[in-house]
Structures are given as C-alpha cells and as structure tokens.
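An overview of the molecular structure
One-letter residues, chain by chain:
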Amino acid sequence: MKNLDRKTTNKTKKVPLKVLQFGGGNFLRAFVDWMIQVLNDETDFNGGVAVVKPTPGGDYHALKEQEGLFTVVLDGIKNGKLIAEKRLVHCIQEIVNPYTAWETYLELAKNPDIQFIVSNTTEAGIKYDENDAIDDCPPKEFPAKLTLWLYHRFLHFDKDISKGCVLLPCELIEDNGVALKNTILKYAELWHLGKEFVHWIYTANHFCSTLVDRIVSGYPTDSALEIQSNLGYEDKLLVAGEYYHSWVIEGDTSIQAKLPFAKTALNVQFVDDLARYREMKVRILNGAHTAMVPVGYLAGIRFVKEVMDDTVVSGFVKSLLKEEISKTLPFSDAVLNKFTNDVLDRFRNPLLKHQLISISLNSTSKFVTRLLPTFKDYYLTERKLPKRIVFALAALIRFYKGDFEGERIALNDSPQVINFFASNWKKVAKNEMELDILVGVVLSNTTIWGADLTLFNGLVEQLTQNIHSIESIGIRETIKKITENDN
C-alpha cells in the first residue's frame, strides 16, 4: 500500500499561509483543518495552515512524515438518513516545533498573509504563569508563546494596524476569546512591552469567543484497514468523527467577509452574543443527556442509541425538548427545531457508543446546571411544573438508590452525595421514613441543589407519585401516564 504524501496524492501545490494553528491533535484536524479544506475546495479562500506544537512532548513526527496530509472520515445521521464522508485534508503547509525551532516559529510572525490564529490547548491551556520570562525560548504557557509572536509581528510591521489577526480559540472554557486576550495583556504587563503594543492588541486584533461542537473519536482502529484499502494508501493519522459539526463565533461582519463559510454548507454561525447559543447547547443537548440517563437506565436501556430506538423513551426525550426546554429559550421556532432535530439525529448515530452509565457521572450537579435553570424558567413563565423534567428528577432520585430490580447501579458522584442518598433510602427500606419524607429531605438539601426545592408548590407530591409509579408499573407505563393528558 502506498504511503500518504504529496507526491502520491498529487497535492504538491502550495497555498499562502493564512492560519497559525496551536495544536495538531485529533479535534483540530477533524474540525478546523477539515473546515479550512472545505473552504479551499469550495470557495476562493486559498489558505494554508502552519501547525505549531504548543507543548514539549512529541514532535508531530507522523504529521511531518505525511507532509501535513491526513484523511477525515465522518459518519452520522442527517434528516434521518445515514451519511458518510471521506475527505483528504492537505491544507497544512508547515509544521513547527518552537521547542526545537524557536526562531522558525518567530519568523512566521513576519508573514503578511497570516490572518487567523486558532488554538485548542485543552481547558488548562489558556493560563498565565508569572515565571514565564521574555527571554525563554520558548516560555512554558501557550499564551506566553503567542504574546511573543504577536510582539514580533507588531515590531516587524512597525505597529501597522492592518497586520493584526483574528483569534479563534477553541478551548472549552466560557468566553475563551476574552480569556485569551486578558492573559496576553497580563504577559504584556509582566514583560513591560509598552503601551503602544497594548493599544495594538486592542485595536488591530479581534479576539473572538467561540463555541465548538463535534465528537471526534480519533483513529478508527476497528475499521482502519478496510478504510485504507478503499483509499489506496496508508494513513497513520486517519481520524474519525461524527458528521455533525457546529462552530459558533462571536464576531462582526468584517470577520465573516474574511472567512467565507456562508458560501459552503458548513454549520458555522457568526453571532453578536455567544452566551445565548451556549445556553441553548447546555439546555437542549446536555439537558437531554442528563434527563435520559436515569429514565433510560431504569427502563433497562444501556446506550443512547438504544434510547432512541425505544418508542416510549425516545418519545419522552423528544417531548421534553420540544414541549419544555425549547419554551425557555429566546430563539425562533425555526432555530430551535433545527438544533433539536440535529441533537436527536446525533443521538441516533449507530457509530457512537455512548453508555448511559458513563454519562451519569455527577448527575446531581449536572441536573443543577443543565435542567434546573430550565425547570425554574418554565415554572415562572408557564405557572406550572414541567412534568417531564419533574419525572426525570424522580427517576434520578430513584436511580441514586443504587439498585433497581435486583441489579446494582454503579453510581459515580461525590462520596457525600452517594452516602446522603444511601442513608436516606435505607431508612425508607426499614420503614423508618415514608417516601414523601425522603423526597422532602432530598429536595431541601441546599448543598446538592443550591436551593430548597420544596418551595416549589406541588413538587414533593408530584415526585412522590412518580417514584411510586416507577416502582409499581415501571418507567414506560409511567411515561405514558404522565403524557396522556398532553392534548
């Protein structure tokens, strides 16, 4: 089988470097680089990527050996239909390790074509360390390396405001663009880089907070030989993921003009307020996950895909999203329906083996951040309890008993939370406590919920009824019972 390189694939043409990318891991390659390749293939973007190693470990040997080439294999469901895509990505033009080639790294700052800076250095990557020194080659932290690169660019182009960059951090932290900008400003102060440089950072550069979403599973070990046989070459950096992708960028029209995503079918949105979109993702995608775990598990289901194959439980999830969660979000029906349907398609993907028990990690705190805000907003606007969220909470309380129908449940939460539920459920088992009292004790635990939930009128009674029903007639029949009066 042929080795993957530019000669064997006839991808020898060089394109101008437009993107400086910190990180060359699976996610960036199957998300950002894949998108850049789509831009090159379908628009006049014509941009190359320079990958910079942000950490000392490794040397991107395989990426260098394959001359920046790799294949992205995507599978998923769109509008209920299975789709698959294999795309050769060849936009990476240079690979630089600043730990062994510091001057080469700084030389990139002199390239006038570079307009965009992308990073994915993990949640801990955007970090300030006062021990980083200006004469370190390189300094330890990624923002310190970037500050020196920007300073060299500032000096080389003599403060030219047109030579600033658009920064698109992909780290999974809130307001990542703001965090990166503030960290760079701290280094500018630490190293006394001057007011003019600080002014240039503010006026010449755009620090865009972004929200990224795609599941990238990495090298497809089980199917790699078959895929490579069909491709006709060996690819050591083959990377697989779901077809679904979303990149929400907080930025103005000038940035949109530079990145012609609108000329493609890529799911990239430029918005004025990223917080609303983050809230939609947390409430719909993450909220559905958190609700389906105890409901699905107590129904004897073990995987997300199996939840979607179960008519009753999947119907519960769909109704939860459309009848309760969506009503609390400030978006048009068209936007909410599209996002909700995309989420449901992702849950149906047969290639993503999501175990419910894995998603159940810290389910109580996840309920607080993902479902409780929806519960409160719905209660205020609709003037009644959201019965599906209440049912999910009932299933969660029953789930935290730690066993169901003779089978132990491998709870994964803090010892304090697990012990709290265990001790109170033991009292119920010994007839030392009635179920409604247990529910009241659970809801009044402000350490877990951040508030006394017994103050919501009728909640204790409704939860108690749901748990009794789960025990007597089961999850599926209880779902039918609580939804029979929908129409």
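Provided above is the structure to which this section pertains.
Conventions adopted
Residues numbered from 1 in each chain as written. Predicted model: local features only at pLDDT ≥ 70, side-chain atom pairs only at ≥ 80, totals over all residues. Heavy atoms only, no water. Helix = DSSP H or I, 4+ residues; strand = E, 2+ residues; numbered from the N terminus. Rg over C-alpha atoms; globule rule 2.2 N^0.38 Å. Buried < 20%, exposed > 50% of the residue type's maximum accessible area, 1.4 Å probe, protein only. Contact = heavy atoms within 4.5 Å. Pairing = 2+ DSSP bridges. Axes fitted to C-alpha atoms, helices over the stretch in contact; angles between N-to-C directions. 1 Å grid on protein atoms, 1.4 Å probe; cavity = no way out; pocket = protein on both sides within 12 Å on 5 of 7 lines; lining within 4 Å. Points joined across faces, edges and corners; volume = space filled by probe spheres on them. Nonpolar A, V, L, I, M, F, W, Y, C, P; charged D, E, K, R; others polar. Expected span 1.5 Å × (residues − 1). Core = buried A, V, L, I, M, F, W, Y, C linked by side-chain atoms within 4.5 Å. Phe/Tyr/Trp six-rings, centres within 6.5 Å; stacked < 30°, edge-to-face > 60°. Lys NZ or Arg CZ within 6 Å of the ring centre and 35° of its normal. Parallel < 35°, antiparallel > 145°, perpendicular 65-115°, else oblique. Salt bridge = Lys/Arg side-chain N within 4 Å of Asp/Glu carboxyl O. Left-handed = near helix turned anticlockwise from the far one by under 90°. Right-handed = clockwise from strand over helix to strand, strands pointing away.

1. Here we look at the overall build of the protein
Counting secondary structure elements, the protein contains 22 helices and 17 strands. In terms of C-alpha radius of gyration, the protein reaches 26 Å, essentially the compact-globule figure of 23 Å for 487 residues. On the principal axes, the C-alpha backbone points of the protein span a range of 75 × 55 × 40 Å. The buried share of the protein, taken over its 487 residues, is 55%. Counting contacts in the protein only where the partners sit at least 6 residues apart, residues at least 24 apart contribute 75% of the total.

2. Description of the sheet that holds strand S14 (residues 246-250)
Remark on secondary structure: sheet strands pair via backbone hydrogen bonds, oriented parallel or antiparallel. Read across the open sheet, the three strands follow the order S10-S14-S15; overall the sheet is mixed. Lying at the two open borders of the sheet, with one neighbouring strand each, are strand S10 (210-213) and strand S15 (268-271). Averaged over all pairs of adjacent strands, the angle between strand axes in this sheet comes to 10°, irrespective of strand direction. Here S10 runs beside S14; their pairing, made up of four bridges, is antiparallel. By the bridge assignment for S14, Val212 is matched with Trp247.

3. Things to note about empty space enclosed by the protein
Taken as a whole and assessed by the stated rule, the structure comprises one cavity of 30 Å³ or more. Taken together, Val19, Val32, Ile36, Phe116, Val118, Leu168, Trp247, Leu259 and Phe261 form the lining of the largest cavity. Residue composition of the lining of the largest cavity, by class: nine nonpolar, no polar and no charged.

4. Some points on the layout of surface pockets
Estimated volume of the largest pocket: approximately 530 Å³. In terms of lining, the largest pocket is formed by 23 residues, of which the most central are Asp213, Arg214, Ile215, Lys281 and Arg346. Element by element, the count of residues in the lining of the largest pocket is highest for helix H10 (residues 274-298), at four residues. Along the lines of polarity and charge, the residues of the lining of the largest pocket split into 10 nonpolar, six polar and seven charged.

5. Digging into helix H6 (residues 176-190)
Note: α-helices contain 3.6 residues per turn, so residues at a spacing of three or four share the same orientation. An ideal rise of 1.5 Å per residue puts 21 Å on 15 residues; H6 measures up with 21 Å between its terminal C-alpha atoms. Buried within H6 we find Asn176, Gly177, Leu180, Thr183, Ile184, Leu185, Tyr187 and Ala188. Turning to H6, the residues buried within the fold contact helix H5 (142-156), strand S8 (166-169), helix H7 (195-204), strand S9 (206-207) and S10. Positioned one or two residues after H6, His192 has a phi angle of 55°, which is positive.

6. Notes on the nonpolar core
Residues Ile284, Phe347, Ile397, Phe421, Leu438, Leu459 and Leu463 are the most contacted members of the largest nonpolar core, which totals 79 residues. It is H10 that provides the largest number of residues to this core, a total of 12 residues. Tyr60, Phe70, Val89 and Leu259 belong to the second-largest nonpolar core, a separate cluster that totals 39 residues.

7. Considerations on the packing of aromatic side chains
If you walk through the whole model with that rule in mind, you get 25 aromatic pairs. Taken together through their ring pairs, the aromatic side chains of Phe27, Phe31, Trp247, Phe261 and Phe270 make up a single cluster. The positively charged end of Arg29 is found above the aromatic ring belonging to Phe70, 4.8 Å away from the centroid. A cation sits over an aromatic face here: Lys163 above Phe157, 5.4 Å from the ring centre.

8. Digging into the packing of H5 against H7
Relative to each other, H5 and H7 sit at 100°, their axes nearing to 11 Å. In terms of orientation, H5 and H7 fall into the roughly perpendicular class. From H5, Thr147, Leu150, Tyr151, Arg153 and Phe154 reach across to H7, where they touch Glu196, Phe197, Trp200 and Ile201. Residues belonging to the contact of H5 with H7 are distributed by class as follows: six nonpolar, one polar and two charged.

9. Structural notes on the pattern of salt bridges
Opposite charge on two side chains allows them to pair when their charged atoms are near. On inspection of all chains with the given rule, the structure shows 22 salt bridges. Residue Glu107 pairs with Lys110 through a salt bridge whose shortest N-O separation is 3.5 Å. A relative accessible area of 36% means that Lys110 is categorised as partly exposed. Between Glu174 and Arg278 there is a salt bridge, with the nearest N and O atoms lying 3.9 Å from each other. Within this pair, whereas Glu174 is found in the loop between S8 and H6, its partner Arg278 is found in helix H10, the two being separated by 104 residues in sequence. Residues joined by salt bridges that share partners form a network here, namely Asp41, Glu42, Glu85 and Arg87.

10. As for the packing of helix H19 (residues 435-443) against helix H21 (residues 459-473)
Packing of H19 against H21 brings their axes to within 9 Å, and their N-to-C directions diverge by 125°. Compared by their axis directions, H19 and H21 come out oblique. For the pair H19 and H21, the crossing hand works out as right-handed. Residue-level contacts link Leu435, Asp436, Val439, Gly440 and Leu443 of H19 to Leu459, Val460, Leu463, Thr464, Ile467 and His468 of H21. Counted by class, the contact of H19 with H21 contains seven nonpolar, three polar and one charged residues.

11. Focus on the sheet that holds strand S5 (residues 81-89)
Taken in spatial order, the four strands line up as S5-S4-S13-S11 in an open sheet, and their pairing is mixed. Two strands lie at the open edges of the sheet, namely S5 and strand S11 (216-218), each paired on one side alone. Strand-to-strand twist across the sheet, computed as the mean angle between neighbouring axes with direction ignored, equals 20°. Where strand S4 (residues 70-78) lies against strand S13 (residues 239-242), four bridges are found, and the strand directions are parallel. Within S13, the residue paired with Asp75 across the bridge is Glu242.

12. Considerations on the pairing of S8
Across the two faces of S8 the burial is the same, with Val166 and Leu168 and Leu167 and Pro169 all buried. Regarding topology, H5 serves as the crossover connection from strand S7 (residues 116-119) to the parallel S8, and that connection is right-handed. The pairing of S8 with S9 spans two bridges and is parallel. Residue pairing across strands places Leu167 opposite Phe207, the latter belonging to S9.

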